[in-house]
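Report on the structure
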Amino acid sequence: MKQMSTMRFGLAAAVSLAVACAAEAQEKVKVGLVLSLSGPPAALGVQAKNGFELALKDLGGKLGGREAEVFVVDDELKPDVAVTKVKALIDRDKVDFIVGPIFSNVLGAIVKPVTDSKVFLVSPNAGSSTLAGRGCNPFYFSTSYQNDQVHQVSGHVAQARGYKKTYLVAPNYQAGKDAISGFKRDYKGEVVEESYVPLNTLDFQSEISKIASMKPDAIYAFLPGGMGVNFIKQYKQAGLADRIPVLSAFTVDESTLPAQGEAALGMFSGSNWAPDLDTAQNKRFVAGYLAAYNAVPASYAFHAYDAALLIDSAVKATKGDVADKQALRTAMLKADFTSLRGDFKFSQNGFPIQDFYLTKVGKRPDGKFETQISEKVFSNYADPYAKDCAATN
Amino acid sequence: MSTTLLLIQILNGLQFGLILFLVAAGLTLVFGVMDFINLAHGVQYMVGAYLAAAFSAMFGSFVLGLAAALPTALVIGLVLELLVFRHLYARSHLDQVLATFGVIVFLTEAARMIWGVEPLSIDVPAALSGSIEIADGVLYPVYRVAIIAAGLGVGLLLYVVVNHTRLGMLIRAGASNAPMVSALGVDIRLLFTFVFGFGAMLAGFAGAMVAPILSVEPSMGDTVVILAFVVIVIGGIGSIRGTFLAALLVGLVDTLGRFVAPALLKLVLDPAAASQTGRAIAPMLVYILMAATLFVRPAGLFPARR
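On a predicted model such as this, the values are computed, not experimentally measured, just so you know. (Residues numbered from 1 in each chain as written. Chains lettered and ligands numbered in written order. Predicted model: local features only at pLDDT ≥ 70, side-chain atom pairs only at ≥ 80, totals over all residues. Heavy atoms only, no water.)

**Regarding the overall build of chain B**
Assigned secondary structure in chain B consists of 11 helices and 2 strands. Since a compact globule built from 306 residues should have a radius of gyration of about 19 Å, the 20 Å found for chain B is in line with a globular shape. Looking at chain B as a whole, 52% of its 306 residues qualify as buried. Sequence-distant contacts in chain B: of pairs separated by 6 or more residues, those separated by 24 or more amount to 77%. On chain B, the mean spot of the 14 positive side-chain charges and the mean spot of the 13 negative ones are 14 Å from each other. (Helix = DSSP H or I, 4+ residues; strand = E, 2+ residues; numbered from the N terminus. Rg over C-alpha atoms; globule rule 2.2 N^0.38 Å. Buried < 20%, exposed > 50% of the residue type's maximum accessible area, 1.4 Å probe, protein only. Contact = heavy atoms within 4.5 Å. Lys, Arg positive; Asp, Glu negative; His and termini not counted. Charge placed at Lys NZ, Arg CZ, Asp CG, Glu CD.)

Spelled out as structure tokens, the structure:
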């Protein structure tokens, strides 16, 4: 026994120089998931985590042919906490990729520590404008969208439908302000009120009273997570749902619909995807997610699934080499994988060029609720900031 | 700014204030009578909401769900008192804060393990699901009116119990001088347990009442308990009457502040700056109110006499 291990050791030592690269290739590809997994936004983070894990399962536990190891951390929706945990992922766990976060304020905090360490950051949701234009970063990729685009969809639709007066409501933080400016990009009618509510407001009754008394033609709401659940239920209870149409983003989606139920039926959202999007791979994904988690996937799960496919395709292209960052970036930028959404390519800034849809909440045959594509609003739409990006290969 | 809208916002403020009162009433009794700081009071509000949601789903009726949730919340409160809080009465406030914070973490995590992270929801009972048209096109949900009625009802009940029964007399005596009450032969420990369980049930009742309008989630008690502390500090610790008035005051200031502050500022600033400043000031108003109250009356509006 001892003899044998000595012999093995000798053998290994003899060829160690020759197979240095191969030895590295046997090490696992390490991915850190940085998501909001506690508090009111927990449902969103859980969706993304499930989506990524489902993709990994479908890929046989491998990324680009190499065994994958995943570290999951909760950013608690606190930028400072996120930075500490991200540093641990990079310095202690030596991750090659980080997938996350859900929220833009966390993204703003972690993007520098991650990319300065030459670790690739793949965002499954947040896509701040600051990272899309002049501040674009060669180590940052997004499988979602640039934030403004989803809001712009609703503004575009409001304009096309000829709504003369709209009422806008969003939380009082950066993404809320981005949402409202995104909505106004294509909307030229009168905005009767830009209402900013404190982040994590639970009771919207006074907001709803104001909406009722101002009688706009439509409202636009950006109220993610628990806020959206409360707002929509209270909006319905106040009897407004049948009178004033709701356009939204991140307010009615599959993470909030189980709690909103009937109250959200018929409400509109801007999105780049919906569970009923008609591609073969998407049908398989939705069925797989339903079977594994007994829930309809939301866009967070879909983006995280695509993030895993993206990493898989890049590692495959470099034949398992994650040390050559330049080659890896080139491979990532090619986006050589079949996205669940169908056609997919990156702009120079690492944001997708893709179609955008208006979705409407409907009931599935199995009684669960989902968003369903109502019309295509933009085709092959690149974000407007991409032209300012000077990131080079 | 129309009069109707102002009227509705006053109703909204009252409704919010009454929910705060239900939570703060138990807190002020526990703090006032036992001199015990219970940060975990907000968790009992969360537990009440979850119990109402779970029992409503089980029985298919909100009323039955509520009826089952209340005694369960009471039992949970009593069990917590026996297992944890009883051993903390003699300790310093800092120890109590630390230990009850631990209870928050424990129960929040337990709720997350049992019911998951996704918010739960229950429907408003059919009989109360309509809305009343107060003015042309302005609707007010019947369920909110029911919350106002329930809050006022509990307020009245507490007033009668505390001021006109023997039990209430003991509670008031306990708030003024607990050792003396004990020396006079009253089983103060039993009284404490009763007060604690009752306080937990009131918080649970508040949680159950808001369950149909708010989403039920593990961290829902965190913000409420902070405002409840503001309420009892303004009202005077240990005083039900003070808590009632302070809760209404806080509810009104918070709701109307968001609505009136930007409008008032528009008189002196240009509209964009006014709405920006108004937004920033509105959430602070409650705390400014507390600071002002403490400045004028350091023991609160109606302190229990010591």
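**What to know about the confidence of the model for chain A**
Residue and element names in this part refer to chain A. With 93% of its residues at a pLDDT of 70 or more, chain A has an overall mean of 89. Highest mean pLDDT in chain A belongs to strand β4 (residues 97-99) (97); lowest belongs to helix α1 (residues 2-15) (47). Between residues 9-25, whose pLDDT stays under 50, and residues either more than four places distant or in other chains, the model counts 4 contacts. (pLDDT = per-residue confidence, 0-100.)

**Quick word on the state of the cysteines**
Residue and element names in this part refer to chain A. The full count for this structure, using the stated rule, is 1 disulfide over all chains. The partner cysteine of Cys136 in its disulfide is Cys389, sulfur to sulfur 2.0 Å. Taking the torsion about the sulfur-sulfur bond, which here is approximately 80°, the covalent link between Cys136 and Cys389 counts as right-handed. Of the two residues, Cys136 sits in the loop between β5 (120-123) and β6 (140-142) while Cys389 sits in the segment after β14 (369-381), which places them 253 residues apart along the sequence. Pair check on accessibility: Cys136 and Cys389 agree, each one buried. (Disulfide = S-S within 2.5 Å.)

**A look at a nonpolar patch on the surface**
All names here are of chain B. Among the surface-exposed residues, Val75, Val79, Leu82 and Leu83 lie close enough to one another that they form a single nonpolar patch of about 360 Å² accessible area. Mapped onto the secondary structure, Val75 falls in helix α3 (residues 62-83). Among the residues examined, Val75 registers a relative accessible area of 46% and is labelled partly exposed. (Patch = residues over 30% accessible without salt bridge, like charges linked within 9 Å, V, L, I, M, F, W, Y side chains within 5 Å. Areas by Shrake-Rupley, 256 points an atom, 1.4 Å probe, with all protein chains shown as cover. Salt bridge = Lys/Arg side-chain N within 4 Å of Asp/Glu carboxyl O.)

**Thoughts on the packing of helix α2 (residues 41-59) of chain B against helix α4 (residues 93-115) of chain B**
All names here are of chain B. Interhelical geometry of α2 versus α4 gives an angle of 20° and a closest axis separation of 10 Å. In terms of their interaxial angle, α2 and α4 are classed as roughly parallel. Where α2 crosses over α4, the handedness of that crossing is left-handed. Seen from α2, the contacting residues are Val43, Met46, Tyr50 and Ala54; seen from α4, they are Ile104, Leu107, Thr108, Ala111 and Trp115. Considered class by class, the residues forming the contact of α2 with α4 number 8 nonpolar, 1 polar and no charged. (Axes fitted to C-alpha atoms, helices over the stretch in contact; angles between N-to-C directions. Parallel < 35°, antiparallel > 145°, perpendicular 65-115°, else oblique. Left-handed = near helix turned anticlockwise from the far one by under 90°. Nonpolar A, V, L, I, M, F, W, Y, C, P; charged D, E, K, R; others polar.)

**Examining the packing of α2(B) against helix α7 (residues 188-210) of chain B**
Residues and elements named next belong to chain B. Where α2 meets α7, the axes come as close as 6 Å, and the angle between the chain directions of the two elements is 55°. On the basis of their axis angle, the class for α2 and α7 is oblique. Handedness of the crossing formed by α2 with α7: right-handed. Here α2 contributes His41, Gln44, Tyr45, Gly48, Ala49 and Ala52 to the contact with α7, which in turn contributes Phe196, Gly199, Ala200, Ala203, Gly204, Ala206, Gly207, Ala208 and Val210. Considering only residue class, the contact of α2 with α7 consists of 9 nonpolar, 6 polar and no charged.

**Let's talk about the pattern of salt bridges**
All names here are of chain A. Applying the stated criterion across every chain yields a total of 20 salt bridges over all chains. A salt bridge links Glu76 to Lys78; the shortest N-O distance between them is 3.5 Å. Here Lys78 falls in the partly exposed class, since its relative accessible area comes to 42%. Among the charged side chains, a network of salt bridges with common partners joins Glu76, Lys78 and Lys85.

**Description of helix α9 (residues 240-265) of chain B**
Residues and elements named next belong to chain B. The end-to-end C-alpha separation of α9 is 35 Å, in line with the 38 Å expected for 26 residues at 1.5 Å each. Taking the largest bend as the criterion, α9 deviates by roughly 45°, centred on Gly257. Backbone nitrogen of Arg241 and a side-chain oxygen of the N-cap are separated by 3.5 Å at the start of α9; the cap is Ser239. (Expected span 1.5 Å × (residues − 1). Bend = angle between axes of the 7 residues up to and from the residue. Polar contact = N/O pair within 3.5 Å; in protein donor to acceptor, adjacent residues only side chain to side chain.)

**Digging into the domain arrangement of chain A**
Residue and element names in this part refer to chain A. Under the domain assignment used here, chain A contains domain 1 (27-145 + 277-354) and domain 2 (148-271). Between the C-alpha centres of domain 1 and domain 2 there is a distance of 28 Å. Considering only the surface of domain 1 that becomes buried against domain 2, Pro40, Tyr145 and Tyr300 emerge as the three largest contributors, covering 35% of it. Linking domain 1 with domain 2 are 0 salt bridges, by the criterion used here. Seen at the junction of domain 1 and domain 2, the total is 1 residue pair in polar contact (both at pLDDT 80 or more). (Domains from an automatic or database assignment. Buried area = accessible area lost by both parts, 1.4 Å probe.)

**Some details on the sheet that holds β5(A)**
Residues and elements named next belong to chain A. Taken in spatial order, the 6 strands of this open sheet run β2-β3-β1-β4-β5-β6, and their pairing is mixed. Edge strands, defined here as strands with exactly one partner in the open sheet, are β2 (62-63) and β6. Two elements, strand β1 (residues 29-35) and β4, share 3 bridges in a ladder whose sense is parallel. For Val31, the partnering residue across the bridge sits in β4 and is Phe97. Running at roughly 20° to β5, helix α13 (residues 325-334) makes contact with β4, β5 and β6 of the sheet. (Pairing = 2+ DSSP bridges.)

**Re the packing of aromatic side chains**
Counting across every chain of the model gives 31 aromatic pairs over all chains. Seen from their ring centres, A:Tyr145 and A:Phe250 are 6.1 Å apart, and the 65° between their planes marks the pair as edge-to-face. Placement of A:Tyr145 in the loop between β6 and α6 (147-160) and of A:Phe250 in the loop between β10 (246-248) and α10 (257-260) is noted, with a sequence separation of 105 residues between them. Neither residue differs from the other here; A:Tyr145 and A:Phe250 are each classed as buried. The interplanar angle of 50° and the centroid separation of 6.5 Å between the aromatic rings of B:Phe36 and B:Phe196 together place this pair among those described as tilted. Of this pair, B:Phe36 sits in the loop between α1 (3-34) and α2 while B:Phe196 is found in helix α7, placing the two residues 160 residues apart along the sequence. For B:Phe36, a relative accessible area of 0% gives the class buried. Under the relative-accessibility criterion, B:Phe196 is labelled buried at 2%. Taken together through their ring pairs, the aromatic side chains of A:Phe97, A:Phe120, A:Phe139, A:Phe141, A:Phe337, A:Phe344 and A:Phe346 make up a single cluster. The side chain of A:Arg161 reaches across the aromatic face of A:Phe268, ending 4.5 Å from its centre. (Phe/Tyr/Trp six-rings, centres within 6.5 Å; stacked < 30°, edge-to-face > 60°. Lys NZ or Arg CZ within 6 Å of the ring centre and 35° of its normal.)

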